[in-house]
Amino acid sequence: METKKDILDNLELWSENVQDILTQPPHWMIRWGNSVIFIILIMILVMSWFIKYPEFIPAPIIVTSQNPPEKIEARISSRIEKILIKDHQSVKKNDVLMILQSTANYDDVLKLRTLMDSITPSRLFSFPINLTSNFRLGELQSDYNNFAKAFQDEKLFSRLQPYSPDNLAASEGLSEYSGRIATLKQQLNLENAKFDLSKKNFSRSQSLFDQGVISKMELENEKIKYLQAEQNLKTIHISLSQLQEGISNLQKTKSSANINSEKDKINYSSQTLQLFEQLRKSLKQWEQNYLVISSTNGVTSFQQFFGENQFVKSGDAILTILPTDKMAVVGRIQVPSTNSGKIIPGEKVLIKLDNYRYQEYGIVEGRVQNISLSPDEKGNYYVDVILPRGLKTSYNKNLSFDKELKGNAEIVTEDLRLIERFFYQIRKLLKFQS
């Protein structure tokens with residue numbers, strides 16, 4: 001009896017054509033199948049060699065000029081007194097753009113600044129104090145009063161010259177003493193002549209007395225005359241010495257008066273100059289607090305709508321000044337510490353700007369110029385990027401630049417081939433073992 005297995009073996013499940021195909025495959029598949037698969041593998045390997053798959057470090061970027069826009073913030077909380085410019089108006093360096101309210105009168109402060117800028121320290125004595133005495137200077141009033149008092153004290157000292165009487169008296173005394181000395185010197189010459197004659201008469205009388213010609217009384221009389229002449233000569237010498245001492249004292253008095261006068265003059269002058277510079281410093285501080293001043297040539301751009309008497313708080317952004325001379329355009333990137341060690345100068349940077357959609361305008365290409373040696377308090381590193389082609393994109397479009405441009409950057413740290421990516425782990429393992 002046939003088993004179930006024998007029955008199944010005798011069944012013909014396929015037609016004759018199917019049996020022929022399955023039992024005898026076509027010879028072209030055998031000849032070309034392996035070749036096609038091998039060629040496909042070779043093409044994949046070749047393409048993986050030419051196709052590069054870079055590694056990116058993404059980070060936000062700000063594209064600006066080497067002389068970036070000047071952002072001005074309010075230094076104090078106050079109300080706006082005057083707005084002297086309009087939005088998008090061209091301004092020059094040191095132009096006053098806006099005035100904040102203070103206790104001082106701005107016109108008076110401006111006049112005072114103009115006067116102080118026109119006077120050099122060597123010409124400080126010509127400061128027109130009479131023109132500034134009625135100025136309303138608010139916070140500057142105390143410093144101005146100190147300077148005005150020192151200035152007036154110096155002028156009063158120069159006008160009164162308190163040491164002049166002492167100097168004049170000493171000069172007159174020296175003149176008088178010089179006359180008396182001249183007279184005494186003439187008298188000294190006469191006394192010297194008398195002394196010489198008395199000395200000769202005494203010697204002659206002594207000789208006659210020794211010969212017995214004259215009496216002792218006559219000799220003594222001659223001796224008295226000789227001694228009197230000698231005494232008169234000594235008295236004149238003493239008087240001359242006293243007059244010389246008097247002259248020396250007067251010269252000391254005159255010199256002391258001159259020294260004290262010069263010393264006080266220097267003290268008054270230095271004090272006036274010191275207080276003048278202190279007033280200049282306070283004036284500069286007042287300007288920084290209450291005046292919005294441009295530090296460069298450029299075009300203004302308000303950060304928000306402002307009007308007079310509007311209150312602004314300290315630290316509020318008021319306006320931005322876009323420099324006229326933009327110079328070269330550069331990029332500033334803050335990258336986190338992760339993978340920052342892979343960033344080296346010369347690496348490619350792909351920049352996608354928020355202001356210009358990269359799908360429409362293209363990508364701006366840059367190069368890493370340098371990276372900071374240490375991170376900031378948040379652990380970020382600063383990377384400077386140069387743009388060799390400026391703002392010319394990958395679509396050959398030149399983007400206009402009139403302000404800061406923000407966007408996203410991708411730093412290409414490793415531009416590896418696709419095949420290198422396939423064997424990246426093996427390569428790292430081989431490098432580690434070596």
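Residues numbered from 1 in each chain as written. Predicted model: local features only at pLDDT ≥ 70, side-chain atom pairs only at ≥ 80, totals over all residues. Heavy atoms only, no water.

Another point: the packing of aromatic side chains. Summed over the entire model, instances satisfying the criterion amount to 9 aromatic pairs. Seen from their ring centres, phenylalanine 127 and phenylalanine 151 are 6.1 Å apart, and the 70 degrees between their planes marks the pair as edge-to-face. Here phenylalanine 127 is found in the loop between helix H4 (106-118) and helix H5 (129-132), whereas its partner phenylalanine 151 is found in helix H6 (residues 141-160), with 24 residues between them in sequence. The class for phenylalanine 127 is buried, based on a relative accessible area of 3%. Counting every residue linked through ring pairs, the aromatic cluster contains Phe127, Phe147, Phe151 and Phe276. Of note, lysine 352 hangs over the ring of tyrosine 358, and the distance from its end group to the ring centre comes to 4.5 Å. The cationic tip of lysine 397 hangs over the ring face of tyrosine 361; the distance from NZ or CZ to the ring centre is 5.1 Å. (Phe/Tyr/Trp six-rings, centres within 6.5 Å; stacked < 30°, edge-to-face > 60°. Helix = DSSP H or I, 4+ residues; strand = E, 2+ residues; numbered from the N terminus. Buried < 20%, exposed > 50% of the residue type's maximum accessible area, 1.4 Å probe, protein only. Lys NZ or Arg CZ within 6 Å of the ring centre and 35° of its normal.)

At a closest axis distance of 9 Å, the pairing of H6 and helix H8 (residues 216-290) adopts a crossing angle of 155 degrees. As summarised for this structure, H6 and H8 are arranged roughly antiparallel, according to the angle between their axes. Considering the relative orientation of H6 and H8, their crossing is left-handed. In contact with Asp143, Tyr144, Asn146, Phe147, Ala150, Phe151, Asp153, Glu154 and Phe157 of H6, H8 contributes Ser261, Asp264, Lys265, Tyr268, Ser269, Gln271, Thr272, Leu275, Phe276, Gln278, Leu279 and Ser282. Along the lines of polarity and charge, the residues of the contact of H6 with H8 split into 9 nonpolar, 7 polar and 5 charged. (Axes fitted to C-alpha atoms, helices over the stretch in contact; angles between N-to-C directions. Parallel < 35°, antiparallel > 145°, perpendicular 65-115°, else oblique. Left-handed = near helix turned anticlockwise from the far one by under 90°. Contact = heavy atoms within 4.5 Å. Nonpolar A, V, L, I, M, F, W, Y, C, P; charged D, E, K, R; others polar.)

A few words now on the environment of glutamate 55. Within the secondary structure layout, glutamate 55 lies in strand S1 (residues 52-65). By relative accessible area, glutamate 55 is classed as buried at 17%. When the C-alpha positions of glutamate 55 and isoleucine 411 are compared, they lie 8.1 Å apart, and in sequence the two are 356 residues distant.

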